[in-house]
Amino acid sequence: TLGSTNVICSDKTGTLTQNKMTVRALTAGTETVSAHSPLGSKLLTLAALCSNSTLTKTAKSWTAAGNPTEKAILLAAAECDIDKNDLDRRYRRMNEIPFDSVRKRMLTVHALPTGGYRVIVKGAPDILLTLCTHLQKENGQIPLTDSRKKAVLSANDRLAEQAMRVIAVAYKDCANRPDGTQTLEKDLIFCGLIGMIDPPRPQAKAAVSRCKKAGIRPVMITGDSPVTARAIAAELGIYDGRTKVMTGQELERLSQDELTRQVGSYTVFARVSPEHKVRIVKAFQAKGAVVAMTGDGVNDAPALRCADIGCAMGMSGTDAAKGAADMVLTDDNFSTIVEAVEQGRGIFENIRRTVHFLLSCNIGEILTVLCAFLLQLPAPLLAMQLLWVNLVTDSMPALALGVEPVGENIMERPPSRTSSGIFNKKMVRNMLLEGCFIGAVAFLAFTVGRVFFDGHNEPVTARTMTFAVLSLSQLIHAFNLRSRQHKGFSFHPPLLTAFLTGLVMQTAVISVPMLAAAFHTVPLSPLQWLIVALLSLSVLVLRCCPESHQTVSRPLSRPQETSF
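These figures come from a predicted structure and were not determined experimentally. (Residues numbered from 1 in each chain as written. Predicted model: local features only at pLDDT ≥ 70, side-chain atom pairs only at ≥ 80, totals over all residues. Heavy atoms only, no water.)

Draft legend 1. Main features of the sheet that holds strand 1 (residues 7–11). Read from one edge of the open sheet, seven strands run 14-15-13-1-16-17-18, paired in parallel fashion. Both edges of this open sheet fall to strand 14 (244–247) and strand 18 (327–329), since each of them pairs with a single strand only. In this sheet, neighbouring strand axes are inclined to one another by 20 degrees on average, regardless of whether the strands run parallel or antiparallel. Note: strand 16 (residues 291–295) against strand 17 (residues 309–313), four bridges, orientation parallel. Paired with glycine 295 across the strands is alanine 312, a residue of strand 17. Against the sheet, helix 15 (residues 334–374) touches strand 1, strand 13 (217–221), strand 16 and strand 18, its axis set at about 160 degrees to strand 1. (Pairing = 2+ DSSP bridges. Helix = DSSP H or I, 4+ residues; strand = E, 2+ residues; numbered from the N terminus. Axes fitted to C-alpha atoms, helices over the stretch in contact; angles between N-to-C directions. Contact = heavy atoms within 4.5 Å.)

Below you can see the structure in the form of structure tokens.
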């Protein structure tokens, strides 16, 4: 499945990026503020209180543990002498509604030291703005009009265009403890935006480029805003201006059939929920794609199961995600998926090459015996000799071909379609051609032996020459199959070992008297060995047969939208 994958749907955070968030900008309303200013300090204080990550002070610095976004906020607050541990003691948490991918926000309620309660909400800016009625300023709050909301959203877009993840923070103070979600999130005061950046992994851009060369479409799926997602995707090469960005809201308005028709035009999906991932995977599959999907959360399990191959995150992934996945990435790295695809292609090619070799050789053996039977000639091979060919000269090269290294250009061609199995028309045609050729040279050796060396006697020499040609031609034919994958006539140690071992053993059963008696062979003269060598080496002309790769013929979209 990995070898035939042609779409990789990947989460952004931690897979395409380093999962090391750092706060880069603070905005109060539409104005950028310093972390040490009153508004900046208040923004970081509120965000730190509305976090579940922990902060620890070491001898030299602060360290944080937990969610990457919250870790970045706590460390930025600590640099301004705002200690999360001290805040938790002063503002005791009374209630919490955890973050989830549907609500896209987290809420906490804290008891104020002076009496009363404070509700703090942090999450997606576009969501929080709909819950706010006022905007925080240095000297108080002002009404949050539609024009001010547009200004805040413009500031959000400016940060997102710099590939930042933007978190909004809002709050309100209550004399009495509020109860009920609607009451808690009503009439909030918008405090500001926190822009943080998660730099792309150094290997990710090169891995995306390799995907495209290999005919694989990389697709980014993220909960970030479309502007942030587009900026990161453009930096990595996933978004190139010819494709589009779809949001979760747009996806919700489409039926599954409409999504299937349009999905080929998109490489970035932003503000999506885990439920949307299943629809995206099914849409690509309906277009004929073999889809790999990454995920780390409990809610990602359905999408991981739905994909042709689910890839869970080994470092940040939950047990549920790992249990639902087919593969676990121990380093949470996108480039590892690409390496796995390369290995998958190599394994599939080795399976196909091994089967190709075994069947073409067996066709040659069958034709040699069949032709003699139809022409009512003596048997060209005895049972013991046929058994030897099948167990020794067939099996050793086949095992060696099964452990061939990945070909140099395997990631520079479209993926194979494994859904139809190992065989395709070109492969069957080549097997028949090669089997007929091997059978022909073996039968020619039998004819030459009978006519020129045995005369009217029992065809012992002819059988020995046929036995030798059939075995040696198959050993040499293994190099034909390897040379189609690797440039030049190169040697791989296992295959070279199998060839030399088979050559020595085949020579031994002909030349060593005790073995010759067991296999009913006779020693060959130099002239007879020369004929055997020439006939066996003639199979090298089969190198000209084109390799039987089967590529995906059904594109996901029009050529002007993307090259697939």
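Draft legend 2. Looking closely at the pattern of salt bridges. By the definition in use, this model includes 17 salt bridges. Between arginine 89 and aspartate 86 there is a salt bridge; the shortest N-O distance is 3.9 Å. Of this pair, arginine 89 and aspartate 86 both sit in helix 4 (residues 84–90), three residues apart, roughly one helical turn. Of the residues examined, arginine 89 reaches a relative accessible area of 61% and is grouped as exposed. On the accessibility criterion, aspartate 86 (29% relative accessible area) is partly exposed. When the shortest N-O distance is used, the salt bridge between aspartate 224 and arginine 165 registers 2.8 Å. Here the residue aspartate 224 occupies a position in the loop between strand 13 and helix 9 (226–236), and arginine 165 occupies one in strand 11 (residues 164–174), the gap between them amounting to 59 residues. Taken individually, aspartate 224 and arginine 165 each receive the classification buried, so the pair is uniform in this respect. If you follow the salt bridges from partner to partner, you end up with Asp100, Arg103, Arg105 and Glu185 in one network. (Salt bridge = Lys/Arg side-chain N within 4 Å of Asp/Glu carboxyl O. Buried < 20%, exposed > 50% of the residue type's maximum accessible area, 1.4 Å probe, protein only.)

Draft legend 3. Main features of the side chain of serine 360. Considering the arrangement of structural elements, one finds serine 360 in helix 15. A distance of 2.9 Å separates the side chain of serine 360 from the backbone oxygen of histidine 356, its partner in a polar contact. A distance of 3.5 Å separates polar atoms of two side chains, one belonging to serine 360 and the other to histidine 477. Beyond its immediate chain neighbours, meaning those up to four positions away, serine 360 contacts Met431, Glu434, Gly435, Ile438 and His477. (Polar contact = N/O pair within 3.5 Å; in protein donor to acceptor, adjacent residues only side chain to side chain.)

Draft legend 4. Here's a closer look at the packing of aromatic side chains. Taken as a whole and judged by the stated rule, the model has five aromatic pairs. Judged by centre distance (5.4 Å) and plane angle (80 degrees), the rings of phenylalanine 479 and phenylalanine 499 are edge-to-face. Residue phenylalanine 479 is found in helix 19 (residues 460–483), and its partner phenylalanine 499 is found in helix 20 (residues 493–511); the two are separated by 20 residues along the sequence. A residue is classified by how much of its surface remains accessible, and phenylalanine 479, at 5% relative accessible area, is buried. Residue phenylalanine 499 is classed as buried on the basis of its relative accessible area, which comes to 18%. Ring-pair connections join several aromatic residues into one group, and the members of that group are Trp388, Phe467 and Phe519. (Phe/Tyr/Trp six-rings, centres within 6.5 Å; stacked < 30°, edge-to-face > 60°.)

Draft legend 5. Layout of a nonpolar patch on the surface. A contiguous nonpolar patch, built from Leu359, Phe423, Val428 and Leu432 and spanning about 310 Å² of accessible area, is present on the exposed surface. Structurally, phenylalanine 423 is set in the loop between helix 17 (395–401) and helix 18 (425–454). (Patch = residues over 30% accessible without salt bridge, like charges linked within 9 Å, V, L, I, M, F, W, Y side chains within 5 Å. Areas by Shrake-Rupley, 256 points an atom, 1.4 Å probe, with all protein chains shown as cover.)

Draft legend 6. Structural context of helix 12 (residues 274–286). Between its first and last C-alpha atoms helix 12 spans 19 Å; for 13 residues at 1.5 Å apiece the expected length is 18 Å, and the two agree. Among the residues of helix 12, Pro274, His276, Lys277, Val278, Arg279, Ile280, Val281, Ala283 and Phe284 are the ones counted as buried. Just downstream of helix 12, glycine 288 is the residue with a positive phi angle, here 95 degrees. (Expected span 1.5 Å × (residues − 1).)

Draft legend 7. Fine view of the packing of helix 15 against helix 16 (residues 383–393). At a closest axis distance of 12 Å, the pairing of helix 15 and helix 16 adopts a crossing angle of 170 degrees. By the angle between their axes, helix 15 is roughly antiparallel relative to helix 16. Within the contact between the two elements, helix 15 uses Phe357, Asn362, Glu365 and Val369 and helix 16 uses Leu386, Val389, Asn390 and Thr393. Within the contact of helix 15 with helix 16, the residues separate by chemical class into four nonpolar, three polar and one charged. (Parallel < 35°, antiparallel > 145°, perpendicular 65-115°, else oblique. Nonpolar A, V, L, I, M, F, W, Y, C, P; charged D, E, K, R; others polar.)

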